[in-house]
Amino acid sequence: MAADTHAHEHPGAISPAKRLKMNRVGLWLFLLSETFLFGGILVSRFYLWGATRPELNQNLGLAVTLILLISSYFMYRAETAIKHDDRGDFLRSISVTIILGILFVAGVVGLEWQEAPIKPFTGGEFGIYGDIFFFMTGMHAFHVVTGVILLMIVAYRGYKGHLSSENFWPAEAAAIYWHFVDVVWVFFFPALYLMGSVVGPGH
Amino acid sequence: MNRIVRILLGFIVGFVAGIAVLVAVRVLLGLTPMPATLAPVLFSGIGFAILGLLYGFEPSLGLTRGFIGMAIAMIVGVVAVTHFRRAMGLDPAYALEPAWTMAAVLGPIGFMLGVGAVTDWLKWIFGIHTPDQHGPPEGKPAWTRYFGFDQNHKVIGIQYTVTGIVLMGLAGIFALIFRSELAIPGIQFLALDMFNSLVGLHGIVMIAAILLGIGGFANYLVPLMIGASDMAFPRLNGFAFWIAVPSALLIVAALFFGGWDTGWTGYAPLSVRGAMGVNFFMIGVFFFGFSSILGSMNLITTTLYMRAPGMGLFRMPIYVWAVLATALIQLTGTQFIGLSFLMVVLERLFDLGFFNPAEGGNVILFQHLFWFYSHPAVYIFILPGLGIVSELLPVFARKPLFGYKWIALSSMAIALMGFLVWAHHMFAAGMEEALRVPFMYSTMLVAVPTGVKFFSWLGTMWRGKLSFPTPMLFVLASIAVFLIGGLTGPPLATVPTDLFLHDSYFVVGHFHATMFGGFVFPFFAALYFWYPKITGRMYNERLGQIHFALQTAGFYIMSLTMARTGLLGMRRRIADYDPDLGIQNLHIIMTVAGFVIFFGVLVGVYNLIVSARKGEVAAANPWGSRSPEWQIPSPAPEHNYEEPFEVVGEPYDYGLPGSVYVDMHPSGSKTAASPAH
Amino acid sequence: MKHARNVIILIVVGSAVLLFGVNVMDLAPIVASAEAQQVDWLFGLHMNVIAFLYVLVNGIMLYSVFAFRRKPDDDSEGAYFHGNTKLEIAWTIIPLITVLFFAFLGSVVLRNVSLAAPNSMDVTVTGRQWSWTFEYPEYGIVSTELNLPVGRQVNFKLQSEDVIHSFWVPEWRLKHDTVPGQDKYIRLTPSEEGVFKVRCAEMCGTSHAYMLATINVMSQEDFDIWVQKKLGVYEGPEGGEEGEVDPVAEGFALSQSGGCLACHSVDGSPLVGPTWKGLYGKTETLTDGSTVVVDEAYLYESIVDPSASIIQGYADVMPKNFGDIFSDQEIGYIIEYIKSLQ
Ligand code: HEA
Ligand code: HEA
Ligand code: CUA
Ligand SMILES: [Cu+2]
């Protein structure tokens, strides 16, 4: 236990450096857990689709993937900025990240869901191909939306001046989470758009 | 007097209000004010009456606010979805299921808002300072902190444990109801659907009770044992407990929504076709999963980062190893049961086809996902219990734990190997045939690390100086009972014999023995053992022995008759059986034995409740244990240790003259005052 | 050393007694298939090891409880030792070998019971909520009872029309689920003549408990006669037997084997479907509000086309294929049986 115990509220209180370390571990453990969730979803995809995939809009898929990857860059930039007390760049970069995140969701849910043959919402009859597609993109989009909300909260805290090189954990946490969701898509994208031979209503 | 009037009034006003709310909601939905059957009226009335009762006790309890939040959120869910569907021109009659599903999703959120589990985080968003909370809420009696959001790990531990016992009682009553139906052939008093629902409910509520029970002890003991003042994330800890409460409510509420006739395993496609209760059951389990995941995250971080100086991993109390191994399974595996249930709920709501072969789905997928969690889950149930056995044996044998490292590593081995054996539940299910043999081998291998534990326990007892207060009696029974459960595992793990035994009462005998031996008996051993530390008083030894005798005798008879009827052809989950099988007498015996267990536990619970007030005042260390939590006063103070201790020896060196495990005052001065207090 | 000797004696005696018990007792029902023999052999071996290990652990534990208990005025500590690496290794390796050996035996027995016999007969088993039908492609027969010649291996093809069921005959030991959308196979060779029951062993909803079907295992000659009768080409010595059939008894047998009684009680209690007690002559209200008086024509229609009229308070869940499974004559027997339930 830290030597400067008496500096804190009660015996055994935790020093800020250690708190940061524990926060990081906690978050990584949570992401490990999430990895199992997305792993399970991927397993379901391969179990049910095997070496086939539905006909999807390749350009749109590539576009949303690029958007998400670029957003990760801006998130990284925002995190670095706040660690260097550059509030202006932090706010700019995180805003770009948020906008890109929203664009991604709009691309997947707003456009691809309309085009792709998904039964429950568009009446298209494409059985298991629509179902898994809806499920994978839906679960991922849910996490992106959560991420966007987190980013908005962090941006708001930064805007209020609550974040600094001393107190950057919220920004770092949001960034790690954002990168994680991004990496998940890096696995989902090929599983949905690239792997296996195309089957579909037109084939 | 005044208070009693208030309580009664609260009850009556609540009852009337409950009926009024029901009528109001029905009118909002455009239905006739009164439903055709009485059940919803009573449900709503009694639900709100309990709220009123709680209000009468103490005007502001977190629990009451949680219930109200849940009720409001559920009503909002039903009304919103129904009106949304009307507005979209969709069939309002079909709206029932989506509406109530939305209610089930929003309910726990409302509960968490009401109970105050997220208040601090909401404040944080707006930059409001939220100091850590210490001690009971200001201006209120100390007991109220147990009924609301609290951050102290010991309070949370007790909240978990008590909720676990309540759920265990509930699930036990469900079991006794359907066991009475089974006592003689034919249908006596339970409709078939009700019987089926009760079986599943008994199973899943017991499992919830187990998860709460192990969560309770882990929360209470781990920080104490490793010398931390609390868990790594105290707010998250409170959140993880409270989310379990509305989840359990949803699961039990399934009974009022048509029940669910699939057993606790919820196999698709039966669960896709079942009544609306399936959604309540599955969403309840889904939210319960958060509790497991967040709780284990907290426990792992705490164990890794908050150990006292000098406490290397191999100097931790052995129980902490067991908790660590358990937490690893919970953290990762739980996602899979959530996933499988989520897919069923989505399939029901949006008419998807994951498990519908007509649309290219595959029903076997459900079982793979489900068992990938639910097999490792059975090791979640037992590892902490076996840890308790390993923890208590040295104390009562006055001898070092035999093979500490082997035991510690065997917990890890069981946890990891547990992930490689799930398909042994599917040997008869039509899974990929070529995989059956590899899974048979992997399953059999789990017997090896489990055996290591048994033999090490024997080594610990050998040439000790054994004494037998109640906790030790329960420890010995744990070993004997878990042995039956464990040894019935290999015949199930061997494919050809499993094709005989699968889904028969032999399996039922197997898992009751494992769960009683691995959880129920150690749980009570732990309750009696740490009781003085928790309450500051001793339990009554005589009653403890009666509890032990009834539970052990009842259990032996119950599990052996279960296994026997299974061999004779008794199938699982049947409301009525063929008298030609020659199992009638065995069923009567089984039912009676079930009641004996129930009354045994009742004696135990009575003991624990009464002794908390009337028991002898306990010494700080009545068992002569070396573990750090026994070196401080009983009950343990708010912040555990006045001063961080230092580990200077091995944990279980009983019998080594002059050795100590922890140095309680490493700075030397016995009066090192902490200026802040 | 004295303790070690005592404990060994205890274990030897104890396991001798328990092993004797385990081997003398008939743990499972009679053996009525060739496969059951092999399963029982393996299970018996398991039971022997279980009995021994049970005595081993409990023996040492109980011995410790008595020999090493603390005397009232003794407050010394126990013997101080931490472990013994050789022992630890021994009790890791020996169980390891044992379980691997059992897994190996398991795979051998599994292969043996899966081997195809040259002359096996195909039967397609179809499960639905909550009845079974059996189809004999070789003969072009469909039946609600499973009739089989003794001694000939049967290759069952398992199918389901709705949810998962499981085909289990305890006397034959092996079971296998029927999986919707997939064909599954299991081979069994009936070795005893007699009457048995298929018992659905997978939770399949409300009437799972009653999802049974009758099995008659008979000699090859009797089986041939049954086949000919089923096909309507029987011309054996007792050809005139038809007239002696008791329609009510026959109707009862058919309703039981056909799975009707899983949903319809005959004592007035409500199950999934309306009770048959007092049904004939009763006035029923249908879901559209109209009423009908139950007569023979109505009963016939309710059986072959259950969706045509749904009774108020019930769902349209009755299987739709009884018209194909039963001949008109058989339906006539069932109607006679229903009429008899007043
Ligand atoms: C606490 C819970 C718990 C535990 C610890 C176990 C432990 C084991 N279980 Fe059990 N099991 C359940 C709970 C548990 N089980 C439940 C709930 C079900 C039913 C689920 C449902 O369908 O509802 C089930 C079902 C189940 C099945 C599926 C049965 C079926 O439905 O067809 C199988 C099959 O392999 C199995 C095997 C095993 C094995 C091999 C072990 C092993 O881990 C046991 C290892 C222990 C020992 C073997 C004893 C000690 C060892 C020695 C003394 C060493 C020497 C031993 C030998 C040489 C053999 N279990
Ligand atoms: C820990 C787990 C646990 C425990 C303790 C029990 C305890 C009991 N079980 Fe349970 N059982 C399961 C887990 C458990 N069961 C599971 C998972 C299933 C599978 C379900 C499925 O197939 O889907 C099952 C299935 C199952 C079946 C098979 C049903 C079927 O397939 O048709 C039967 C049948 O006899 C049965 C009987 C009993 C009985 C008589 C008890 C008795 O021991 C009960 C005695 C009562 C208690 C132990 C509670 C005592 C508590 C109190 C008195 C507290 C009171 C205090 C307050 C209220 C504050 N159980
Ligand atoms: Cu069919 Cu159970
Ligand atoms: Cu298992």
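Residues numbered from 1 in each chain as written. Chains lettered and ligands numbered in written order. Predicted model: local features only at pLDDT ≥ 70, side-chain atom pairs only at ≥ 80, totals over all residues. Heavy atoms only, no water.

What follows covers the side chain of T460 of chain B. Residues and elements named next belong to chain B. Relative to the elements of secondary structure, T460 occurs in helix α15 (residues 447–461). Polar contacts involving the side chain of T460 include one to the main-chain carbonyl oxygen of S456, which spans 2.7 Å. Setting aside its immediate chain neighbours within four residues, T460 contacts L393, P394, A397, K399, P400, L401 and F402. (Helix = DSSP H or I, 4+ residues; strand = E, 2+ residues; numbered from the N terminus. Polar contact = N/O pair within 3.5 Å; in protein donor to acceptor, adjacent residues only side chain to side chain. Contact = heavy atoms within 4.5 Å.)

Next up on the list: the coordination of the iron atom of ligand 2. Residues and elements named next belong to chain B. At this site the iron atom of ligand 2 is bound by H202 (NE2) and H512 (NE2), with donor distances of 2.0 Å. For the iron atom of ligand 2, the six donor atoms are set out with angles of 86 to 179 degrees between them, so the coordination reads as octahedral. Of this pair, H202 sits in helix α7 (residues 192–226) while H512 sits in helix α19 (residues 505–535), and the two are 310 residues apart along the sequence. (Donors = N, O, S within 2.8 Å, 3.2 Å for Na, K, Ca; no water. Tetrahedral: all angles 85-135°; square planar, octahedral: opposite > 155°, others 65-115°.)

Residues and elements named next belong to chain C. The mixed open sheet is built from three strands, whose spatial order is β4-β10-β9. Looking along the sheet, the strands with just one partner apiece sit at the ends: β4 (146–149) and β9 (194–199). Across the sheet, the mean angle from the axis of one strand to that of its neighbour is 25 degrees, orientation sign disregarded. Pairing analysis gives six bridges linking β9 to strand β10 (residues 212–218), with the strands arranged antiparallel. The residue of β10 that forms the bridge with K197 is T214. Along the sheet, helix α4 (residues 220–231) makes contact with β4 and β10, crossing β4 at roughly 135 degrees. (Pairing = 2+ DSSP bridges. Axes fitted to C-alpha atoms, helices over the stretch in contact; angles between N-to-C directions.)

Moving on: the site of ligand 2. Residue and element names in this part refer to chain B. As a structural note, the neighbourhood of ligand 2 is formed by 31 residues, with R179, H202, W264, H512 and R573 the closest of them. One nitrogen or oxygen atom from the side chain of H512 is found 2.7 Å from a nitrogen atom belonging to ligand 2. At the level of secondary structure, the elements contributing two or more residues to the shell around ligand 2 comprise α6 (153–182), α7, α19, α20 (541–568) and α21 (584–614). Of all the elements, α19 adds the most residues to the shell around ligand 2, at seven residues. Looking at side-chain class alone, the shell around ligand 2 contains 21 nonpolar, seven polar and three charged residues. (Near = heavy atom within 4 Å. Nonpolar A, V, L, I, M, F, W, Y, C, P; charged D, E, K, R; others polar.)

Quick look at the interface of chain B and chain A now. With 47 residues of chain B at the interface, the matching set in chain A holds 42 residues. In this assembly, chain B packs against chain A so that about 4000 Å² is buried in total across both faces, 72% of it on carbon and sulfur atoms. Considering only the side of chain B, the residues that lose the most area to chain A are W124, Y305 and Q335 of chain B, jointly responsible for 14% of the buried surface there. Inspection of the region where chain B meets chain A yields eight residue pairs in polar contact (both at pLDDT 80 or more). Elements that contribute at least two residues to the side of chain B that touches chain A include exactly α5 (119–125), α10 (277–305), α11 (318–350) and α12 (363–397) of chain B. Broken down by element, the residue count for the side of chain B that touches chain A peaks at nine residues, all from α11 of chain B. Each residue belonging to the side of chain B that touches chain A can be placed in one class, and the counts come to 28 nonpolar, 14 polar and five charged. (Buried area = accessible area lost by both parts, 1.4 Å probe.)

This part covers a nonpolar patch on the surface. All names here are of chain A. Residues L62, L66, L69, I70, V183, V186 and F187 make up a contiguous nonpolar surface patch of about 630 Å² in total accessible area. For the nonpolar patch, the secondary structure elements donating two or more residues are α2 (58–83) and α6 (169–194). For the nonpolar patch, the leading source of residues is α2, giving four residues. Tracing the backbone shows L62 in helix α2. In this structure L62 comes out as partly exposed when scored by relative accessible area, which is 47%. (Patch = residues over 30% accessible without salt bridge, like charges linked within 9 Å, V, L, I, M, F, W, Y side chains within 5 Å. Areas by Shrake-Rupley, 256 points an atom, 1.4 Å probe, with all protein chains shown as cover. Salt bridge = Lys/Arg side-chain N within 4 Å of Asp/Glu carboxyl O. Buried < 20%, exposed > 50% of the residue type's maximum accessible area, 1.4 Å probe, protein only.)

Let us look at helix α8 (residues 328–340) of chain C. In an α-helix, one full turn covers 3.6 residues, which means residues spaced three or four apart are oriented alike. Residue and element names in this part refer to chain C. Across its 13 residues, α8 extends 18 Å between first and last C-alpha, which sits within 8% of the 18 Å expected from 1.5 Å per residue. Taken residue by residue, α8 has E330, I331, Y333, I334, I335, Y337 and I338 as its buried positions. In this structure, the buried side of α8 is in contact with α4, α5 (247–257), α6 (296–304) and α7 (322–325). (Expected span 1.5 Å × (residues − 1).)

Two faces belong to every sheet, and in a regular strand the side chains alternate between them. Residue and element names in this part refer to chain C. By the alternation rule, side chains of strand β6 (residues 165–168) split into H165 and F167 and S166 and W168, which are all buried. Strand direction decides the pairing type here: β6 and strand β7 (residues 175–178), joined by four bridges, are antiparallel. Pairing of H165 across the sheet is with T178, part of β7. Turn length for the β6-β7 hairpin, with the two strands adjacent in sequence and antiparallel, is six residues, and the turn residue R173 shows positive phi of about 75 degrees.

Turning our attention to the confidence of the model for chain C. Residues and elements named next belong to chain C. Residues with a pLDDT of 70 or more make up 97% of chain C, whose mean pLDDT is 88. At the low end of the mean pLDDT range in chain C sits α7, at 78; at the high end sits β6, at 96. The complex prediction reports pTM at 0.91, with the ipTM value standing at 0.90. (pLDDT = per-residue confidence, 0-100.)

The subject of this paragraph is the confidence of the model for chain B. All names here are of chain B. Residues at a pLDDT of 70 or more form 98% of chain B, whose mean pLDDT is 90. Within chain B, the lowest mean pLDDT, 82, falls on helix α2 (residues 39–57), and the highest, 96, falls on helix α16 (residues 470–487). A low-confidence stretch, residues 670–677 (pLDDT under 50), is modelled with 10 contacts involving residues beyond four sequence positions or located in other chains.

Here the focus is the coordination of the copper ion (ligand 4). Residues and elements named next belong to chain B. Protein coordination at the copper ion (ligand 4): the donors are H375 (ND1), H424 (NE2) and H425 (NE2), at 1.8 to 2.1 Å from the metal. A separation of 4.5 Å is found between the copper ion (ligand 4) and the iron atom of ligand 1. Classification of H424 by relative accessible area gives buried; the value is 12%.

Split by domain assignment, chain C resolves into domain 1 (2–68 + 84–114), domain 2 (121–239) and domain 3 (247–340). Between domain 1 of chain C and domain 3 of chain C, the C-alpha centre-to-centre distance is 53 Å. (Domains from an automatic or database assignment.)

Right, let's talk about the site of ligand 1 for a bit. What surrounds ligand 1 is a group of 33 residues, the closest being Y379, D498, H502, H510 and R572 of chain B. Mapping the residues near ligand 1 onto chains gives chains B and C. At 2.7 Å from an oxygen atom of ligand 1 is found a side-chain nitrogen or oxygen belonging to H502 of chain B. Measuring from a nitrogen atom of ligand 1, one finds a side-chain N or O atom of H510 of chain B at 3.0 Å.

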